[in-house]
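Here's the letter readout for the chains.
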Amino acid sequence: MSAGPIDPPARLLMGPGPITVYPRVLQAMSAQLVGQYDPFMTATMTETQALYRDVFATANDATVLVDGTSRAGIEAALVSLVAPGDRVLVPRFGRFGHLLVEIAERCGAEVHTIDVPWGQVFAPEAIEAAIREVRPKVLAIVHGDTSTTLAQPLDELGAICREHDVLFYCDTTASLGGNEFQTDAWGLDAVTAGLQKCLGGPSGAAPITLSPRAVEVVESRKSIEAGIRDADSVVRADRIRSNYFDLGQILDYWGPARLNHHTEATTMLYSARECARILLEEGIDASIARHRLHGDAMLAGLQGLGLVPFGDLAHKMTNVVGVEIPEGVHGDAVRSELLADYGIEIGTSFGPLHGRVWRIGTMGYNARRDTVLVTLAALEAVLRRNGARVPTGGGTEAALDSYRAAA
Ligand SMILES: *Cc1c(COP(=O)(O)O)cnc(C)c1O
């Protein structure tokens, strides 16, 4: 077996994530490693924690990275907060709600769900009514669900959770950095994210933040590693059922004690640090405005091509849009042609939307005017070759009008 050096084709990733990575992030990832407890390493970890406190809009000390993709963050949060037999309420409005259910079930939770049809979000009253009925220990919910392109309003849920003494967990992977998100002001106890959406990095690190209430739960359930456990310490029946995702141990590793747990994934630390630096240099509000500007232009452009957007637009995320695949057009054939002929990737859909909806993202590095216009022009050409009747220049003209109206 012999293989050449890695040489990926030029691609413009305009799907729901992952997306083309900021060049600065790639550069940061090529920096040399240092030892696990090198003063530079521990200082970089501490710095990264401070950066992510700003990204999450929180004062939580317990703000760290879980090494792994976004799903690792979700799993760490749930396995550390939820003991077997605990009740967890999951309001589902898309695919990632199903993932929360699956993970909570594996933690041994008694999982209760409420549902709205894909394309809608919950009224806070519906979630409150379910909390009254279920009396869960944890409310677990997705903020922006890329499967439906919608964002669930969260601002009223924190007060409801506090009133009923419920821990409030949210997966904000798809929305953070491109949509408003306030950990402390919205009363969240645990939040997890990933880099490969609006933060413009690769997948592989999951930023996480825990409120003092959540830390208390985690601390009470953490395990002390065999061999360093004192002779008379007992293993609690409700200890966290994972070593790798034991947030108690992970916090001890990131905290002043620096107790050895895993070896921090240094290259992903550099990556996550650079993603946060880019976001904070731009300013979170400016980044959200940029995602909205280009998301609106993409939506207008798609409508200008005669395509029909999916879901309740009042709750659409800024950074991704779903559109119905026109009658008589083969969705996957269009996607393949866009990739093969133009080097542009757009997304397909899952579950009930599979074969019905394309998902097109404008996020992170790719939330730009040139990427929006090039994607619309290419899509117009491919749609026409696939037999769809599309107005000449309809996409780019409508997008340019949207930019002019916003200026
Ligand atoms: C994209 C996305 C993820 C991704 O999880 P990975 O483990 O990084 O693949 C998780 N949650 C939501 C809501 C997402 O949109």
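Residues numbered from 1 in each chain as written. Predicted model: local features only at pLDDT ≥ 70, side-chain atom pairs only at ≥ 80, totals over all residues. Heavy atoms only, no water.

### Some thoughts on the state of the cysteines
In protein chemistry, a disulfide is the covalent bond that joins the sulfur atoms of two cysteines. Enumeration according to the criterion identifies zero disulfides in this entry. A disulfide-free cysteine, C107 has its sulfur positioned 17 Å from the sulfur of C170, the nearest such atom. The exposure class assigned to C107 is buried, which follows from its relative accessible area of 8%. Free cysteine C161: the closest other cysteine sulfur is in C170, separated by 11 Å. (Disulfide = S-S within 2.5 Å. Buried < 20%, exposed > 50% of the residue type's maximum accessible area, 1.4 Å probe, protein only.)

### Here we look at a negative patch on the surface
On the surface, E125, D155, E156, E180 and D285 cluster together to form a negatively charged patch. In this structure D285 comes out as exposed when scored by relative accessible area, which is 65%. (Patch = residues over 30% accessible without salt bridge, like charges linked within 9 Å, V, L, I, M, F, W, Y side chains within 5 Å. Areas by Shrake-Rupley, 256 points an atom, 1.4 Å probe, with all protein chains shown as cover. Salt bridge = Lys/Arg side-chain N within 4 Å of Asp/Glu carboxyl O. Lys, Arg positive; Asp, Glu negative; His and termini not counted. Charge placed at Lys NZ, Arg CZ, Asp CG, Glu CD.)

### Overview of the environment of P124
Assignment of secondary structure puts P124 in helix 5 (residues 124-134). Once the C-alpha coordinates of P124 and D38 are considered, the two residues, 86 residues apart in sequence, prove to be 47 Å apart. Every residue in contact with P124, bar those within four places of it in the chain, is listed here: E156, L157 and I160. (Helix = DSSP H or I, 4+ residues; strand = E, 2+ residues; numbered from the N terminus. Contact = heavy atoms within 4.5 Å.)

### What about the site of the ligand?
Taken together, T69, S70, R71, F96, V142, G144, T146, D171, T173, A174, Q196 and K197 form the complete shell of residues around the ligand. T69 is positioned with one of its side-chain polar atoms (N or O) 2.6 Å from an oxygen atom of the ligand. Note that an oxygen atom of the ligand is positioned 2.9 Å from one of the backbone N or O atoms of R71. Compared with its free state, where it exposes 390 Å², the ligand has 88% of that area covered by protein. In the shell around the ligand, the residues fall into three nonpolar, six polar and three charged. (Near = heavy atom within 4 Å. Polar contact = N/O pair within 3.5 Å; in protein donor to acceptor, adjacent residues only side chain to side chain. Nonpolar A, V, L, I, M, F, W, Y, C, P; charged D, E, K, R; others polar.)

By themselves, these are just geometric observations and shouldn't be taken as functional.
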